[in-house]
Amino acid sequence: MIWFWCLVLLLHQIFTSPTHMAVVSPQDPVLLVGSSLTATCTLSPGLELHASFLYWTLNGNRLPSSVYHVLGPGALSVTLHNLNGSQQQSGDNLVCHGRKGEVLGGSCLYVGTPPQRPVNLSCWSHNTKDMTCSWSPGGPGEGFIRTRYTLKYKLRWFGQETVCTDYNRGINTCYIPSGLAIFTPYEIWVEATNQLGSASSRVVTLDILDVVTTDPPPDVQVNRVGDLADQLTVRWRTPSALRDFLFRAKYQIRYRLEDSANWKVVENVGNQTFCRLAGLRPGTVYFVQVRCNPVGIYGSRKPGIWSDWSPPMAASTPQSERLTGSCDAKSGAQTAALRRELKQFLGWVRKHAAGCGSVSIKLYDQWRAWLQKSQKTRNQILQGDKS
């Protein structure tokens, strides 16, 4: 980078001086990748230099004399074949040097490709108040020279074409802060332009209500379920921005072990703001997050866009109290049979009542509580016998 800025300063001195030591032509050509170029360095009259003593550099690298051609005492040409794309969007620097290395003149080469049709155009609206759209370049060659992208939109059946102006939210992204209509579809597209051509993306037609996203659910709380060692309850509130709308929100929960990076997702929570996680490890710390999808705002039949996940909340399950003995073999056999029956019952619940908030889960909880209470009673009897 140091040589680049030194070169810029030298070129500035050359091209802003009253008399140039030499002129390089063509000046700042725009070329397709794979093209050939012949450039000429013509010395200013009166300079005590001969073209045979000159040499060329491209981006600071000296070019071999085999590509030079002396056109006369005051002119030296260089021919470049099969040019690669420019290393920098500001152009590659082709410079003519004197015998001692002094800069005599220069030109910028812009080598690239015409833009291709932008792809992956998608948009989302935060609580129906604004809209953000993003896209991807149509081809890898568009990075060689500066390519400008312009997002345009208009109401489908009427209204004038409008140009998005805020491109500061990210690469290939534009933000429309206000002035949007609902219940009327928009046509949205992106135009790509550079010095070699232009191209437009496919037109995307959408209704703001179909691309709504919102804030993560607030006030997420994770708590134990009494002494049940394998369960936690999760509660949250509806995002405040959606309370003014006629909508059906749906939620997802994900949770993981403290020492694991793998999340398990509960898909079908529905529109309730409460869920019970079952089948967890006793005495274990879990991290839990919730997110919201504003489905059916104002009767829209299309699903919205999932919000970000809420900040992770941590909670631990109680330690499990294991049975250390039994009063008699008959009691132990009954307990084993009961556990097998409970296991079968839980498998049925998970299969036929997947998700959260099932009424059958409450019945199962009561059953588990009774079982644990029976275990504690037996433990107390055993300890009394030992004493």
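See the structure above.
What you are looking at is a predicted structure, and each value in this text was computed from that prediction instead of being measured. Each chain carries its own residue numbering, running from 1 in the written order of its sequence. In view of the model being predicted, local features appear only for residues whose pLDDT reaches at least 70, and side-chain atom pairs are presented and counted only at 80 or more, with totals across whole chains, interfaces and linings using the full set of residues. Computation of side-chain values: all heavy atoms of the structure, hydrogens and water removed.

Undergrad: Looking at this structure, I do not really get the overall build of the protein chain. What am I missing?
TA: Secondary structure counts use DSSP, requiring at least four H or I residues in a row for a helix and at least two E residues in a row for a strand, with both numbered from the N terminus. Scanning the protein chain from N- to C-terminus turns up three helices and 25 strands. Buried, partly exposed and exposed residues are distinguished by accessible area as a fraction of the type maximum, computed with a 1.4 Å probe on protein chains only: under 20%, between the cut-offs, and over 50%, respectively. The proportion of buried residues among the 387 residues of the protein chain is 44%. The long-range fraction of contacts in the protein chain, counting pairs at least 24 apart against all pairs at least 6 apart in sequence, stands at 64%. Areas reported here follow the Shrake-Rupley algorithm with a probe of radius 1.4 Å; residue values treat only the protein chains shown as occluding. Of the accessible surface of the protein chain, which amounts to about 21700 Å², a share of 52% is contributed by carbon and sulfur atoms. Only heavy atoms matter for contacts: two residues are in contact if any of them lie within 4.5 Å across the pair.

Undergrad: Can you help me understand the packing of aromatic side chains in this one?
TA: What counts as a ring pair is set by centres within 6.5 Å for rings of Phe, Tyr and Trp (its six-membered ring), and what kind of pair is set by the plane angle: stacked under 30 degrees, edge-to-face over 60, tilted for all other angles. The final tally for this structure, using the stated rule, is four aromatic pairs. Look at Trp-135 and Tyr-149: their rings are 6.2 Å apart centre to centre, the planes differ by 50°, and that puts the pair in the tilted class. Of this pair, Trp-135 sits in strand S11 (residues 131-136) while Tyr-149 sits in strand S12 (residues 148-155), and the two are 14 residues apart along the sequence. You'll find Trp-135 and Tyr-149 in the same group, each marked buried. Arg-169 extends its terminal NZ or CZ atom over the ring of Tyr-175, reaching a point 3.8 Å from the ring centre. Consider the ring centre and the ring normal. A charge sits over the ring if Lys NZ or Arg CZ is within 6 Å of that centre and within 35 degrees of that normal.

Undergrad: Looking at this structure, how should I read the pairing of S11?
TA: Looking along a regular strand, one sees the side chains alternate between the two faces of the sheet. Among the six residues in S11, five count as buried, and that is most of the element. Two strands pair if DSSP finds at least two bridges between them. Bridge count for strand S10 (residues 119-126) against S11 is four bridges, and the pairing is antiparallel. Bridge assignment links Val-119 to a residue of S11, and that residue is Ser-136. Counted along the chain from S10 to the antiparallel partner S11, the turn is four residues long, and its residue Asn-127 has a positive phi close to 60°.

Undergrad: Just checking my understanding: could you explain the sheet that holds strand S6 (residues 68-72) for this structure?
TA: Backbone hydrogen bonds are what pair the strands of a sheet, in a parallel or an antiparallel way. Read across the sheet, four strands follow the order S1-S3-S7-S6 without closing on themselves; strand pairing throughout is antiparallel. Looking along the sheet, the strands with just one partner apiece sit at the ends: strand S1 (22-25) and S6. Here the average twist between neighbouring strands, direction ignored, is 20°. Here S1 runs beside strand S3 (residues 37-43); their pairing, made up of four bridges, is antiparallel. Following the sheet pairing, Val-23 is matched in S3 by Thr-42. Working convention: axes come from line fits to C-alpha atoms, limited for helices to the stretch in contact. Angles between N-to-C directions cover 0 to 180 degrees.

Undergrad: Would you mind going over the sheet that holds strand S8 (residues 92-97) with me for this structure?
TA: On the basis of which strands lie adjacent, the open sheet formed by five strands has the order S2-S9-S8-S4-S5 and mixed pairing. The open sheet is flanked by strand S2 (30-32) and strand S5 (61-62), the only strands paired with a single partner. Of the pairings in the sheet, the one linking strand S4 (residues 55-58) to S8 comprises four bridges and is antiparallel in character. Looking at the pairing, Tyr-55 lines up with His-97 of S8.

Undergrad: Would you mind going over the pairing of strand S9 (residues 103-112) with me for this structure?
TA: Taking burial as the measure, the 10 residues of S9 include 10 buried ones, the bulk of the element. Here S2 runs beside S9; their pairing, made up of three bridges, is parallel. What sits directly across from Leu-32, in S9, is Gly-112. Pairing of S8 with S9, which is carried by six bridges, proceeds in the antiparallel orientation. Bridge pairing links Leu-94 to Ser-107 in S9. Hairpin geometry of S8 and S9 is characterised by an intervening segment of five residues between the two adjacent antiparallel strands and by a positive phi of about 95° at Gly-101.

Undergrad: Is there a simple way to explain the side chain of Asp-166 in this structure?
TA: With respect to the helices, strands and loops of the structure, Asp-166 is situated in the loop between strand S13 (162-163) and strand S14 (173-176). We call two N or O atoms a polar contact when they sit within 3.5 Å, provided that within protein one can donate a hydrogen and the other can accept it, with sequence-adjacent residues counted only if both atoms are side-chain atoms. Engagement of the side chain of Asp-166 in a polar contact is seen with the backbone nitrogen of Asn-168, the distance being 3.1 Å. Apart from the residues lying within four places of it in its own chain, the contact partners of Asp-166 are Thr-173, Cys-174 and Tyr-175.

Undergrad: Please clarify how the nonpolar core should be interpreted in this entry.
TA: As a rule of thumb, soluble globular proteins bury nonpolar side chains together. Note on terminology: a nonpolar core comprises buried Ala, Val, Leu, Ile, Met, Phe, Trp, Tyr and Cys residues joined through side-chain atoms within 4.5 Å. Counting 22 residues, the largest nonpolar core has Leu-54, Trp-56, Val-78 and Leu-94 as its most contacted members. At the level of secondary structure, the elements contributing two or more residues to this core comprise S1, S3, S4, strand S7 (75-80), S8 and S9. No other element matches S3, which puts four residues into this core. Residues Trp-236, Ala-249, Tyr-251 and Val-269 belong to the second largest nonpolar core, which totals 21 residues.

Undergrad: Quick question: what am I supposed to make of the state of the cysteines here?
TA: Defined simply, a disulfide is a covalent bond joining two cysteines at their sulfur atoms. When two cysteine sulfur atoms are found within 2.5 Å, that pair is recorded as a disulfide. Counted by the stated rule, this structure contains three disulfides. With its sulfur 2.1 Å from that of its partner, Cys-123 forms a disulfide with Cys-133. Between Cys-123 and Cys-133 the disulfide shows an S-S torsion of about 110°. By sign, it is right-handed. Taken together, the positions of Cys-123 in strand S10 and Cys-133 in strand S11 put the pair 10 residues apart, joining distant regions of the chain. Across the pair, Cys-133 and Cys-123 agree in class, each one buried. A sulfur-sulfur separation of 1.9 Å characterises the disulfide bridge that pairs Cys-164 with Cys-174. Handedness here is read from the sign of the S-S torsion; for Cys-164 and Cys-174, about -100°, the answer is left-handed. Here Cys-164 is found in the loop between S13 and S14, whereas its partner Cys-174 is found in strand S14, with 10 residues between them in sequence. Classification of Cys-164 by relative accessible area gives buried; the value is 3%. A relative accessible area of 0% places Cys-174 in the buried class.

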